[in-house]
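The residues making up each chain are set out below.
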Amino acid sequence: MDLIYASLGLVILLLAGDSLVRGAVNLSLRLGVPALIVSLTIVAFGTSAPELLISVQAIAENVPGLAMGNVVGSNTANILLVLGVPALMAGLSTGNCDTKKSYLQMMGATVLFIILSLQGVITWVQGLVLLAALGLMLSSAFRVALSHRRATANGALVALDDEEEVEGADPDMPWWKVILFLVLGLIGLPLGADLLVDASTNIARYYGVSETVIGLTLVALGTSLPELATTVMAALRNQAEVALGNVIGSNMFNLLAIIGIASLVGPIPVEPGILKFDLWVMLGASALLAPFVFLKWHMGRVWGIILSVLYVAYILAVLGGA
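Quick caveat: nothing in here was measured; it's all calculated off a predicted structure.

## Examining the overall build of the protein chain
Point 1. A tally of helices and strands in the protein chain yields 14 helices and two strands.
Point 2. By residue count, 53% of the 322 residues in the protein chain fall in the buried class.
Point 3. The contacts of the protein chain with a sequence gap of at least 6 include a subset with a gap of at least 24, amounting to 86%.
Point 4. With an accessible surface of roughly 13200 Å², the protein chain has 70% of that area assigned to carbon and sulfur atoms.

## Here we look at the packing of aromatic side chains
Point 1. What the rule picks out here adds up to seven aromatic pairs.
Point 2. Both rings, one in Tyr103 and one in Phe294, keep their centres 5.8 Å apart while their planes meet at 75°; by these two values the pair is edge-to-face. Taken together, the positions of Tyr103 in helix 5 (residues 100-117) and Phe294 in helix 13 (residues 290-294) put the pair 191 residues apart, joining distant regions of the chain.
Point 3. The exposure class assigned to Phe294 is partly exposed, which follows from its relative accessible area of 35%.
Point 4. Seen in terms of ring centroids, Tyr311 and Tyr314 are 6.4 Å apart; in terms of plane orientation they differ by 45°. Their pairing is tilted. Of the two residues, Tyr311 and Tyr314 are both situated in helix 14 (residues 301-321); the distance of three residues between them amounts to about one turn of the helix. With respect to class, Tyr311 is no different from Tyr314; both count as buried.

## Observations regarding a nonpolar patch on the surface
Point 1. Together, Met1, Ile4, Tyr5 and Leu8 make up a nonpolar patch on the protein surface, roughly 420 Å² of accessible area in all.
Point 2. Mapped onto the fold, Leu8 is located in helix 1 (residues 2-30).

## A word on unusual backbone geometry
Point 1. Although it is not a glycine, Asn62 sits at a positive phi angle of roughly 65°.
Point 2. Counting through the fold element by element, Asn62 comes out in the loop between helix 2 (35-60) and helix 3 (64-80).
Point 3. For Asn62, a relative accessible area of 65% gives the class exposed.
Point 4. For Lys296, which is not glycine, the phi dihedral falls at a positive 60°.

## A closer look at the environment of Ala6
Point 1. Residue placement: Ala6 occurs in helix 1.
Point 2. Note: C-alpha distance between Ala6 and Val197 (191 residues apart in sequence) is 7.7 Å.

## Topic: helix 3
Point 1. Taking 1.5 Å of rise per residue, the 17 residues of helix 3 would be expected to cover 24 Å, and the 25 Å separating its terminal C-alpha atoms lies within 8% of that figure.
Point 2. Burial runs high along helix 3: 17 of the 17 residues are buried.

## As for the environment of Ile114
Point 1. Residue position: Ile114 is located in helix 5.
Point 2. The buried category is assigned to Ile114, whose relative accessible area is 4%.
Point 3. Look past the residues within four positions of Ile114 in its chain and what remains in contact with it is Leu279, Trp280, Met282 and Leu283.

## Here we look at helix 11 (residues 240-265)
Point 1. Taking 1.5 Å per residue as the helical rise, helix 11 with its 26 residues ought to reach 38 Å, and the 37 Å between its terminal C-alpha atoms agrees with that figure.
Point 2. The largest bend along helix 11 measures about 35° and falls at Asn254.
Point 3. Burial analysis of helix 11 places 22 of its 26 residues in the buried class, the great majority of the element.

## Notes on the confidence of the model for the protein chain
Point 1. Taken over all residues, the pLDDT of the protein chain has a mean of 82, while the share at 70 or more is 84%.
Point 2. Across residues 155-164 the pLDDT falls below 50, and counting only partners more than four positions away or on other chains, this stretch makes 19 contacts in the model.

## What to know about the nonpolar core
Where a protein is soluble and globular, its nonpolar side chains tend to be buried together.
Point 1. Grouped together as the largest cluster of nonpolar side chains are 83 residues, with contacts concentrated most on Met68, Phe113, Leu289 and Met299.
Point 2. At 14 residues, helix 11 tops the list of elements feeding residues into this core.
Point 3. Contacts of Phe113, omitting those with residues within four sequence positions, involve Met68, Val72, Leu130, Leu255, Ile259, Leu279 and Met282.

## Section: the packing of helix 5 against helix 11
Point 1. Remark: helix 5 packs on helix 11, axes separated minimally by 9 Å, with the N-to-C direction vectors making an angle of 35°. The element helix 5 and its partner helix 11 pack so that their crossing is left-handed. Contact with helix 5, carried on its side by Ser102, Tyr103, Gln105, Met106, Ala109, Thr110 and Phe113, involves Ile248, Asn251, Met252, Leu255, Leu256 and Ile259 of helix 11 and no other residues of that element.

## Remarks on the side chain of Thr76
Point 1. With respect to the helices and strands, the residue Thr76 is situated in helix 3.
Point 2. Residue Thr76 is classed as buried on the basis of its relative accessible area, which comes to 0%.
Point 3. Contacts of Thr76, omitting those with residues within four sequence positions, involve Leu81, Val281, Met282, Tyr311 and Tyr314.

## A look at the environment of Gln105
Point 1. Looking at the secondary structure, you find Gln105 in helix 5.
Point 2. By relative accessible area, Gln105 is classed as partly exposed at 25%.
Point 3. Expressed as a C-alpha distance, the spacing of Gln105 and Leu134, which sit 29 residues apart in the sequence, is 9.8 Å.
Point 4. Among residues more than four places away in sequence, those in contact with Gln105 are Met137, Ser140 and Met252.

Cut-off values and rules
- Residues numbered from 1 in each chain as written.
- Predicted model: local features only at pLDDT ≥ 70, side-chain atom pairs only at ≥ 80, totals over all residues.
- Heavy atoms only, no water.
- Helix = DSSP H or I, 4+ residues; strand = E, 2+ residues; numbered from the N terminus.
- Buried < 20%, exposed > 50% of the residue type's maximum accessible area, 1.4 Å probe, protein only.
- Contact = heavy atoms within 4.5 Å.
- Areas by Shrake-Rupley, 256 points an atom, 1.4 Å probe, with all protein chains shown as cover.
- Phe/Tyr/Trp six-rings, centres within 6.5 Å; stacked < 30°, edge-to-face > 60°.
- Patch = residues over 30% accessible without salt bridge, like charges linked within 9 Å, V, L, I, M, F, W, Y side chains within 5 Å.
- Salt bridge = Lys/Arg side-chain N within 4 Å of Asp/Glu carboxyl O.
- Expected span 1.5 Å × (residues − 1).
- Bend = angle between axes of the 7 residues up to and from the residue.
- pLDDT = per-residue confidence, 0-100.
- Core = buried A, V, L, I, M, F, W, Y, C linked by side-chain atoms within 4.5 Å.
- Axes fitted to C-alpha atoms, helices over the stretch in contact; angles between N-to-C directions.
- Left-handed = near helix turned anticlockwise from the far one by under 90°.

Rendered as structure tokens:
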């Protein structure tokens with residue numbers, strides 16, 4: 001039954017996350033926000049909403065290892081799997097992508113997160129540091145959006161021209177449907193998170209593994225499915241910038257917003273296994289993106305195979321150490 005409840009919770013999370021993304025994307029674009037900024041912020045936050053709800057729920061139910069494992073595992077999955085599978089299917093041409101600034105912000109967020117984690121526990125103090133860094137990132141994105149609007153005669157029209165570059169955008173969607181998508185997403189996310197956390201905790205106890213391992217594997221893989229769906233569609237449409245923007249933005253939100261907010265609910269201890277292995281895998285996976293961001297390497301099928309195999313090897317290593 002726990003497997004059924006976990007699957008049901010995951011399905012609800014995915015549907016609710018997709019609903020929230022669709023509503024937020026169309027609301028934002030109608031307000032004149034550029035497509036790339038929407039990918040780096042609204043879409044990234046929407047696809048990270050399942051991780052946020054799961055982490056807060058895990059802290060509230062006194063299984064903080066699930067929260068930490070979920071975030072670290074999701075970030076690793078976002079790069080190795082969420083970019084690896086689309087590259088394997090269709091390839092990602094990064095030659096025209098301008099993601100240097102956002103990538104450097106992601107690497108800064110990753111290093112900051114590791115430094116704070118090395119203290120052994122993420123308390124509300126470290127959480128406020130993470131949220132302050134998130135505020136700086138959002139303010140930077142906001143300044144870019146304002147600059148974009150000033151550079152055009154009509155920013156709203158330009159944003160509408162870019163709508164098709166963002167997954168879930170529909171220029172003909174009526175306002176009532178935008179609001180309905182938002183409401184369904186906000187209702188479904190906590191419901192799905194509650195089911196998935198409870199069931200995952202029971203599964204972990206039944207098989208004698210830690211909540212952290214379940215978070216790093218089962219929950220992290222499940223909550224990365226929205227990002228995977230978004231990047232696959234972007235790759236098929238030859239929109240590598242949207243794919244990279246979604247992954248980079250989602251990783252920043254995972255580290256800064258999710259752990260930052262969850263730490264305000266309660267302290268999050270960092271298990272020795274995460275300190276010794278998983279944090280450094282996450283950092284190494286993030287560093288793998290550098291050639292594609294700065295040297296404009298083509299992320300073809302060979303790289304898709306490499307990234308996917310690395311993710312499978314990582315999962316086997318985590319389960320082997322359990």
